[in-house]
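Here's the letter readout for the chains.
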Amino acid sequence: MYKVLIVDDEPLVREYLRLHIASNHPDWEVAGEAMDGQEAWEMLQNMRVHLVITDIKMPVVDGLELCGRLAQTENPPIILILSGFDEFSLAREALRFGVQNYLLKPVVHDELVEALMQVTAQLDRKFHDELAVLAMGKVSKESQTQVVRQFLKALVSENSVEIKALYPLVFRLKVQLIETEGLIMVLDLDEDRLAQKGIPYGDFPIFRFILNQMTGELSEVSGSGFVFLDEDQHICVLVTGEDKNDIEHKCRSLYDKVSSAMLANTGITVSGAFGTFESELFHLQYSHTKAIETLNHRLFSEEPFLFNERYGDVQLQRLAILEQTLASVQFAIPDGNEAAFLMAVKRFFENLPHFGPIHVMKFGLHLLRLLPNGILERQSGFMEGAYQHLRQMHGNPPELSIQAVLGLFQEIFHCLTRGGPEEPVHENEQDIVSRVRTYIYSHYAEPLSLALLAEKIGISPGYLSSIFHKTMQESYIKFLTRVRMEQAAKLLKASPAMKVYDVSEKVGYVSVKHFSHVFKQFHHMPPGEYQEKHLDHTEWPVL
């Protein structure tokens, strides 16, 4: 049962409100009536109410001053203002004190019903939130850690559905993931060392599990950060600190401890990389993406190392060629296009200044790890057969010819395509992009990711990203952001009294802080300032 205090110097108004609430709103109880703001203030010192319905103009202490006093209290009640047509400026002034709605006198039955329904819904949400906080306080530390890990995995994978589901839990757990700055460090096994030791390909996950456990334990002891797995089973660590030097020191220290422990216990080496420094939680996917890209430097190195993003033009060119090669071979295998596959492999190795068996093995294992998607998952034994061909590199001469490498990858190609390719699906690129745009315009307020859009259309995320950018001259995420920011601007103009966090939610943002940051970048001012700018040109709406 919710309680309301009615404050008005007109007895007839108080009687109308009391009778209306008693007969039409069983969830509400009139806890008291007051003739002015001073009487109401004194009553509220001894009673707790959820709603105050108050007139603006009253003797002794008016409604505006009462709103100001209540705004200074801890956990103030919701306030609903009653005003006449000539009191519009006073109603606007009440906005400063958190007043969310107002009703014109004489009070219309339907408007009062609607206002009380909205207040009831707001209080119900608050009650449920408080219950959730109480429940979360009883969740075990291990379960809380699992929630954080799953949230971080969703964050770096841009899984909007899980982000939207898990962020409220993380928020209620009061877990401070980033205080000033942070980055994602990625650690992974040097799989070529596993191959050299003759470890079966199917046992690789065992060693990856050991690496994950060691990283988690060492990170917990040193307080280095949160450890989690991404979708490709890389061990990721969110490392935070006072400044960039402190964070980088923590990364190097943790990497040294983990790599030493893995080498001592399993004989397997570990490589790692860390991404960009970020101050915003929802930008961590950029740090993760950069870390994964930087980790690919190990394909050109013979020794394990902790790589960072500071590299020269030659290394950037190698990474670009690697990305083009992997894209080409991943399209060539499902299509059964042996010529395109071998041409891509040849182009990659020809652009290396020198290469030996270890580089061939690293590239081949990296390729195998990227492939188990879609059609290849339905072909049994292809992975182990290709892996056995790669193991032939161990013990070969230090220098290899291009012809020898192409012969090896031709055998691997036959392993990967055994059973015949599926017929590729062809569709006009502009039609695909048009369908995606239509879907975004219709669902911009929902959690959207590249993977989700690709699944709706029935194509791969990589292909969708490529043709969208080519057709629209901007990435899908920039297009989605532009649509959301345009819609946010429309909402702020149409409803100046609407809260920024409500607008944030209506255009698909979980974090109002992140929404405000993006809005300011897009419109060159914070949403609150944008709202104020248009307030003078818009009539006050009833929420």
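The following refers to the structure shown. All figures in this text were calculated on a predicted structure; none of them were measured in a lab.

**With respect to the sheet that holds strand 7 (residues 225-229)**
Then, number 1: Ordered by their spatial adjacency, five strands build an open sheet running 7-8-6-9-10, and the pairing between neighbours is mixed. For this open sheet the edge positions go to strand 7 and strand 10 (306-307), each flanked by a neighbour on one side alone.
Then, number 2: In this sheet, strand 8 (residues 235-241) lies alongside strand 7 in antiparallel orientation, the contact comprising five bridges. Bridge assignment links Val227 to a residue of strand 8, and that residue is Val237.
Then, number 3: The sheet strands contacting helix 9 (residues 204-222) are strand 6 (181-189), strand 7, strand 8 and strand 9 (270-274), and the helix crosses strand 6 at an angle near 145 degrees.
Then, number 4: Lying on the sheet, helix 11 (residues 284-295) is in contact with strand 6, strand 8, strand 9 and strand 10; it crosses strand 6 at an angle near 35 degrees.

**A few points about the side chain of His514**
Then, number 1: Tracing the chain through its elements places His514 in helix 22 (residues 512-523).
Then, number 2: Once residues within four sequence positions are removed from consideration, His514 is found in contact with Glu280, Phe282, His283 and Tyr509.

**Looking at the packing of aromatic side chains**
Then, number 1: Across all of its chains, the model carries 21 aromatic pairs by this definition.
Then, number 2: Measuring from ring centre to ring centre gives 5.3 Å for Phe305 and Phe307, while their planes differ by 65 degrees; the resulting arrangement is edge-to-face.
Then, number 3: With relative accessibility at 47%, the residue Phe305 sits in the partly exposed group.
Then, number 4: Ring geometry for Phe348 versus Phe363: centroids 4.6 Å apart, planes at 20 degrees, classification stacked. You can see Phe348 sitting in helix 13 (residues 338-350) and its partner Phe363 sitting in helix 14 (residues 357-370), a full 15 residues away along the chain. For the pair Phe348 and Phe363, a shared accessibility class is recorded, and that class is buried.
Then, number 5: An aromatic cluster of three or more residues is present, and its members are Phe300, Phe348, Phe349, Phe355, Phe363 and Phe409.
Then, number 6: Above the plane of the ring of Phe300 lies Arg318, whose end atom (NZ or CZ) is 5.7 Å from the centre.
Then, number 7: When the ring centre of Tyr509 is taken as origin, the NZ or CZ atom of Arg484, which lies over that ring, is 5.4 Å away.

The rules behind these values
Residues numbered from 1 in each chain as written. Predicted model: local features only at pLDDT ≥ 70, side-chain atom pairs only at ≥ 80, totals over all residues. Heavy atoms only, no water. Pairing = 2+ DSSP bridges. Helix = DSSP H or I, 4+ residues; strand = E, 2+ residues; numbered from the N terminus. Contact = heavy atoms within 4.5 Å. Axes fitted to C-alpha atoms, helices over the stretch in contact; angles between N-to-C directions. Phe/Tyr/Trp six-rings, centres within 6.5 Å; stacked < 30°, edge-to-face > 60°. Buried < 20%, exposed > 50% of the residue type's maximum accessible area, 1.4 Å probe, protein only. Lys NZ or Arg CZ within 6 Å of the ring centre and 35° of its normal.

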